Amino acid sequence: MRFRLNKQLLEKIQESMASVLPITAIVFLLSITVAPLETGPVVLFLFGAILLVVGMGLFTLGVDMSMIPMGQGIGRTLSKSKGLLIPLLVFFVLGLLTTMAEPDLQVLAGQMPSIDNMTLILTVAGGVGVFLVVASLRTRLGFPLRRLLIVFYGLVFILAFLAPADFIPVSFDAGGVTTGPITVPFLMSLGLGVASVRQDKNASSDSFGLISLCSIGPILMVLLLGVLLQPETAQQAGGDIPQVHTTFDAALAFFHGFPEYLLEVARALLPILALFVLYQLFTHRFHRTEIFRICTGLAYTYLGLVLFLCGVNVGFMPAGQLLGATIASSAHQWLLVPIGMLIGYYIVKAEPAVTVLNKQVEEISNGSLSQNSMALAMSVGVCVSVGLAMIRVLTGLNILFLLIPGYAIALVLTFFVPSMFTGVAFDSGGVASGPMTATFLLPFAMGACTALGGNIMTDAFGIVAMVAMTPLVTIQVMGLGSRVAHQLALRRMRVRLERVDDVMVYFD
């Protein structure tokens, strides 16, 4: 078993290296050409890239071993329960606790000085808890996802017109940061477990949609909070960049960062671990060897996510902020758009939860939706979204002028694509806007916005929301193309059969 684990770990690290290497090469080349950086941030970035490769490999292996079987088992058992009260209560508490522990949410809360951190965190977590209940009921009853999306996004944009302007980008960003690398794999497998109890033909496609609905909850709740409180948000400055003069200083910066992320990841994993222990005590579902495998997987998940978050926060965040500021301060500010698009295309490949989603989609769809096609659609979507976000930084364009048409197109497409593509597309939006977006793309936009003298709250924030929006369109367009190609193939087959029938009639 140890040999098999070592082989699997090596394969995962090789996969993560293939995902991280392109964005690392792009940033390094930019730092020595278009946007020259001091040696310190570049060394931090390269150290961070190494941690990303190892951490992402450990994380994806750990998720396969622990989070997916746990989520499927718990979802299946809760769905078989005759009553609804206890399962729904468990779903609500699970959504509440896991969201409160998300590291990216803590960062977002610190950007809203006019609202108490705990108030904002509880608001977002409550939104996820409520919508996880809604999502589980939808999956269990087979209610069409499209109808819920139209209703809830309609409410979102009504509240957006009533909320303060500075509050809107952060509200939409809240929907992206809550679906982090820990909650996403667990929620996806939870949905699969809930749907597995059903025997109808739509059960597999209805296993998707939990993440998309859980992303709406925080947006609605934070917008509602803004409407009720009408806070006055303050202009935020970029984060402090550590002073690094030697490679020892770089190593020391990561060493000082480790305790913080050891605690953050432990706090994030604890609710899921506690739920698993209670579940096992009451059901005895897993055998001793399965429990050992799950515990080993949790250890891999924990260590991998600590390395990953330390790498992106200590290594990638300063590089992103300085790159954005340097390009915006140059005589060729317009380069922000093509460079941002190039970074966006490759950076989504380094999101740990994206790999998990793509693999699960391929398995559930029996290969009709391949990992490669999913990766391409998501890369194209994020590429477009970052380009639009950079246009906002340069021009100060209101984010609603992009979000309203974008979501309108995405919702209209739901009427023309198979239901599985709708669930996968709206889930992918929450998955794409992960820690790489929060710790590299957002600082990149903030650095550029500061250099241009813009308003960070209205012009830089919202990039997470943009990243979460465009995959909804690109993946459904892929689904529409697949459906059209299938219909054309059927039409050609009918024509051939008709010709064969005509020939047979002629000879008869």
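Let me sum up the structure you'll find in this document. (Residues numbered from 1 in each chain as written. Predicted model: local features only at pLDDT ≥ 70, side-chain atom pairs only at ≥ 80, totals over all residues. Heavy atoms only, no water.)

Moving on: the packing of aromatic side chains. Here the structure, examined in full by the defined rule, presents 11 aromatic pairs. When the ring of F45 is compared with that of F316, the centres are 4.3 Å apart and the planes differ by 35 degrees; the resulting orientation is tilted. Of the two residues, F45 is situated in helix α2 (residues 39-80) and F316 in helix α12 (residues 288-329); the sequence distance between them amounts to 271 residues. Taken as a pair, F45 and F316 share a single burial class, namely buried. In this structure an aromatic cluster arises from ring pairing among Y153, F157, F172, Y407 and F426. Its end group placed over the ring of F415, R146 keeps NZ or CZ at 4.7 Å from the ring centre. The ring of F143 has R147 lying over it, and the distance from NZ or CZ to the ring centre is 5.8 Å. (Phe/Tyr/Trp six-rings, centres within 6.5 Å; stacked < 30°, edge-to-face > 60°. Helix = DSSP H or I, 4+ residues; strand = E, 2+ residues; numbered from the N terminus. Buried < 20%, exposed > 50% of the residue type's maximum accessible area, 1.4 Å probe, protein only. Lys NZ or Arg CZ within 6 Å of the ring centre and 35° of its normal.)

With that settled, the discussion passes to the pattern of salt bridges. Counted according to the given criterion, the structure contains 1 salt bridge. Notably, a salt bridge pairs K12 with D64, separated by 2.8 Å at the nearest N-O pair. One end of the pair, K12, is in helix α1 (residues 2-31); the other, D64, is in helix α2, and 52 residues separate them in sequence. Residue classification places K12 among the buried positions, given a relative accessible area of 12%. (Salt bridge = Lys/Arg side-chain N within 4 Å of Asp/Glu carboxyl O.)

Next up on the list: the environment of G311. Looking at the secondary structure, you find G311 in helix α12. Classification of G311 by relative accessible area gives buried; the value is 0%. The spacing of G311 and G55 is 256 residues in sequence and 8.5 Å in space, taken between C-alpha atoms. For G311, the contacting residues outside a window of four places in its chain are G48, L51, L52, F254 and F316. (Contact = heavy atoms within 4.5 Å.)

Our focus in this paragraph is a nonpolar patch on the surface. On the surface, L270, L273, V277, L278, L281 and F282 cluster together into a nonpolar patch covering about 630 Å² of accessible area. Relative to the assigned elements, F282 resides in helix α11 (residues 247-283). Residue F282 is classed as exposed on the basis of its relative accessible area, which comes to 73%. (Patch = residues over 30% accessible without salt bridge, like charges linked within 9 Å, V, L, I, M, F, W, Y side chains within 5 Å. Areas by Shrake-Rupley, 256 points an atom, 1.4 Å probe, with all protein chains shown as cover.)

A word on the environment of A253. Residue placement: A253 occurs in helix α11. Sequence spacing of A253 and C310 is 57 residues, and the spatial spacing of their C-alpha atoms is 9.8 Å. Excluding residues within four positions of it along the chain, A253 makes contact with L44 and V314.

Further remarks concern the side chain of S171. Along the chain, S171 turns up in helix α7 (residues 167-177). Taking the relative accessible area as the measure of exposure, S171 reaches 0% and is therefore buried. In this view, S171 contacts I219, V222 and L223; residues no more than four positions away in its chain are not counted.

A word on the packing of helix α13 (residues 336-347) against helix α15 (residues 371-395). At a minimum axis distance of 7 Å, the contact between α13 and α15 shows a crossing angle of 150 degrees. Taken together, the axes of α13 and α15 are roughly antiparallel relative to one another. Like other packed secondary-structure pairs, α13 and α15 cross with a definite hand, here right-handed. Residues L336, V337, G340, M341, G344 and Y345 of α13 pack against L376, S379, V380, V382, C383, V386, G387, M390, I391 and L394 of α15. Its residues assigned to classes, the contact of α13 with α15 comprises 12 nonpolar, 4 polar and no charged. (Axes fitted to C-alpha atoms, helices over the stretch in contact; angles between N-to-C directions. Parallel < 35°, antiparallel > 145°, perpendicular 65-115°, else oblique. Left-handed = near helix turned anticlockwise from the far one by under 90°. Nonpolar A, V, L, I, M, F, W, Y, C, P; charged D, E, K, R; others polar.)

That is the geometry; function is a separate question.
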